[in-house]
Amino acid sequence: PLRRMLRDPFVGQAVLIAVPIAILAQGGAGRPQVVAALVATFVAGQAALAMTTRRIYARRRVSVSVGRLLVNVAFVASGRVVFGDAGNILALAYLPLVSVAASFGVRQALAVGAAAIALQGMVETLYRAEEGDALYRTLVFASVALLVGISTRLEVSRLHHARVRMREAVTDDRRRAKQIAGVESIGRILATDGPTDDALDRVVARVSSELGYRSVAIYLGGADRVVLGSQVGYHDLVEAFDGTRGIVGRVMRSGRPALVPDVKADPDYLEVDPDVQSEICVPLTAEGEFLGLVNVESTTHSLDTTDLRLMVAVADRLAAALIIGRERQRLTERADLFRHLHDFSEAVNGTLDPNELYRAIVRGVPRVVPADIAALVVLDRATGRYQLMAMDGVADEEYVGVEVRPGEGMAGRAIRDRALVIDEQFGRPSFAASVATAGDPALTPMQAAAVPLVREGAVVGAITVLRHDRERQFTQL
């Protein structure tokens, strides 16, 4: 309680006001005993008010502060009455009271200023009536009090605004530092794990939790189609975009980030959640290639350029991770290829028996170039005909040994053209005549590739590989 009383600003004012009055009493301007009693009562009264009005002050701040300031003003006025002309100097005590009141607020300044001017005018009228300058002196005092009150209020307002700006700056700095840390943590996740499904899930969770965006989605694909890779915060979400609609489609077509502060004002916006207020969509691009996009939406506030810059930084790290991940995948594929080539070489070099060699080839080829079916056509030098000598992935062994004429089927085209042949719609009408009825009668078109076997300028055969899934296209590798 004592510490709380000592921190009370009105008690401090009471003590400071009591000092000049006590000095005047000691100088013989009044009865010291009476003045001492008044001073002690005044300070004790403010101390008691400090203890009794604490809870009321929390609810009625203006009323309590005005009341206690008026108590101090009244005590200064009583001192002037007690000391008479000798107490004229006490009029100076009104000014710091007006200044303190102005620091509390406009209403406090008006109440205390009006009371001080009124009391000063009464005292001047009481003691200066004969000289006739009471009104003049009161007006001068009023103008000085007004100047002090306005100056103090302006300075307090300026300091308040400066404090608010400083608080906002500190808040922004903390937010920016948290955002930078969040972006760096996202970079570490991607650098450590690459753009795996689990890593993308962790990235969108980190963007949501640390960067403060409720709804986050990552789409992966090309400029003509993207598919949802990971998301957080959405209940209903479009699984894929083809670039023809929505803000996402606009970003896919233009390749430029989109900041939409008010989605209701954007004609391209596709409403999924009626609570969404703002959206940012940023493409994932690297080396001029479109790899996907990251999209964030806000339901609580309008996103701005700061949010856009932040999401561009996130998108840059995602795009870099996608490129690096793709290169890692390519390296892995090359490593697998070389390993399978080594195994293939060991398999085909492990026998001199032609029939076993043919079977080893068609079993080994699909391990090097993933395929569902593999077939080997070999030139019979005695007859000059090309014959189907082995197949893998089908049960039609009765077709082994049939003739394949140049230009017929995949193998025949490769033999005729002496070049690699690829057909993304290879179906029964394209079969060689000798195997036209092979396979399932309901066979659907397949991905097919055939390469001629050339030795010393002569085509000695062809290898054909086929895939049932036409989405699994043959790559350059």
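Please read these numbers as outputs of a predicted model, since none were measured by experiment. (Residues numbered from 1 in each chain as written. Predicted model: local features only at pLDDT ≥ 70, side-chain atom pairs only at ≥ 80, totals over all residues. Heavy atoms only, no water.)

K.L.:
Just checking my understanding: could you explain empty space enclosed by the protein for this structure?
P.N.:
Tallied over the full model, the rule gives one cavity of 30 Å³ or more. Empty space within the largest cavity amounts to approximately 50 Å³. I21, V35, L38, F75, S78, G79, V82 and F83 together form the lining of the largest cavity. Elements that contribute at least two residues to the lining of the largest cavity include exactly α3 (32-52) and α5 (61-83). Here the element with the most residues in the lining of the largest cavity is α5; it accounts for five residues. (1 Å grid on protein atoms, 1.4 Å probe; cavity = no way out; pocket = protein on both sides within 12 Å on 5 of 7 lines; lining within 4 Å. Points joined across faces, edges and corners; volume = space filled by probe spheres on them. Helix = DSSP H or I, 4+ residues; strand = E, 2+ residues; numbered from the N terminus.)

K.L.:
Even after reading the chapter, I still don't get the sheet that holds strand β10 (residues 446-455), so can you show me in this structure?
P.N.:
As summarised here, the arrangement of the five strands in space is β8-β7-β11-β10-β9, forming an open sheet in which the pairing is antiparallel. Strands with a single pairing partner mark the edges of an open sheet, and in this sheet they are β8 (385-392) and β9 (421-426). Adjacent strand axes in the sheet meet at a mean angle of 20°, parallel and antiparallel pairs treated alike. The pairing of β10 with strand β11 (residues 458-467) spans nine bridges and is classified as antiparallel. Each residue of the ladder has a partner; that of V451, found in β11, is I463. Across the sheet, helix α12 (residues 354-368) lies against β7 (373-380), β8 and β11, angled at about 60° from β8, the strand it touches most. The sheet strands contacting helix α13 (residues 409-417) are β7, β8, β9, β10 and β11, and the helix crosses β9 at an angle near 150°. (Pairing = 2+ DSSP bridges. Axes fitted to C-alpha atoms, helices over the stretch in contact; angles between N-to-C directions. Contact = heavy atoms within 4.5 Å.)

K.L.:
Any chance you could explain the pattern of salt bridges here in plain terms?
P.N.:
Think of it this way: side chains of opposite charge can pair up when their charged atoms draw near. With the rule as written, the count across this model stands at 13 salt bridges. Linking R363 and E356 is a salt bridge whose minimum nitrogen-to-oxygen distance equals 3.2 Å. The class of R363 is partly exposed, set by a relative accessible area of 38%. (Salt bridge = Lys/Arg side-chain N within 4 Å of Asp/Glu carboxyl O. Buried < 20%, exposed > 50% of the residue type's maximum accessible area, 1.4 Å probe, protein only.)

K.L.:
How should I be thinking about the side chain of Q108 in this particular structure?
P.N.:
Considering the arrangement of structural elements, one finds Q108 in helix α7 (residues 106-128). What Q108 contacts, discounting residues up to four positions off in sequence, is V62, S65, V66, L69 and A101.

K.L.:
Please clarify how the packing of aromatic side chains should be interpreted in this entry.
P.N.:
Two descriptors summarise a pair of aromatic rings, namely the distance from one centre to the other and the angle between the planes of the rings. In this structure the tally under the stated criterion is three aromatic pairs. Here Y94 and F141 contribute two aromatic rings whose centre-to-centre distance is 5.5 Å and whose plane-to-plane angle is 70°, an arrangement assigned as edge-to-face. Of this pair, Y94 sits in helix α6 (residues 94-104) while F141 sits in helix α8 (residues 134-193), and the two are 47 residues apart along the sequence. Using a relative accessible area of 0% as the deciding quantity, one classes Y94 as buried. The exposure class of F141 is buried, given its relative accessible area of 10%. Ring geometry for F426 against F431: centres 5.3 Å apart, planes inclined by 25°, an arrangement best described as stacked. Like F431, F426 is buried. (Phe/Tyr/Trp six-rings, centres within 6.5 Å; stacked < 30°, edge-to-face > 60°.)

K.L.:
Explain the packing of α3 against α5 to me, please; I cannot follow it from the model alone.
P.N.:
Two quantities define a packed helix pair, namely the angle between the axes and the distance from one axis to the other. For the pair α3 and α5, interaxial distance at closest approach is 11 Å and the crossing angle is 175°. Classified by the angle between their axes, α3 and α5 sit roughly antiparallel to one another. Residue-level contacts link V35, L38, V39, F42, Q46, L49 and A50 of α3 to R68, V71, N72, F75, V82 and F83 of α5. Residue composition of the contact of α3 with α5, by class: 10 nonpolar, two polar and one charged. (Parallel < 35°, antiparallel > 145°, perpendicular 65-115°, else oblique. Nonpolar A, V, L, I, M, F, W, Y, C, P; charged D, E, K, R; others polar.)

K.L.:
Looking at this model, I keep getting lost on the sheet that holds strand β6 (residues 289-298). Mind explaining?
P.N.:
Within a beta sheet, neighbouring strands are joined by backbone hydrogen bonds and run either parallel or antiparallel to one another. In spatial order, the strands read β3-β2-β1-β6-β5-β4; together these six strands make up an open sheet with antiparallel pairing. Looking at which strands have only one partner, the edges of the open sheet turn out to be β3 (240-241) and β4 (258-260). Here six bridges tie strand β1 (residues 215-221) to β6, and the two strands are oriented antiparallel to one another. Along β6, the bridge assignment pairs A217 with N295. In this fold helix α10 (residues 246-254) packs onto β2 (226-232), β3, β4, β5 (278-286) and β6, with an angle of close to 30° to the strand it touches most, β5.

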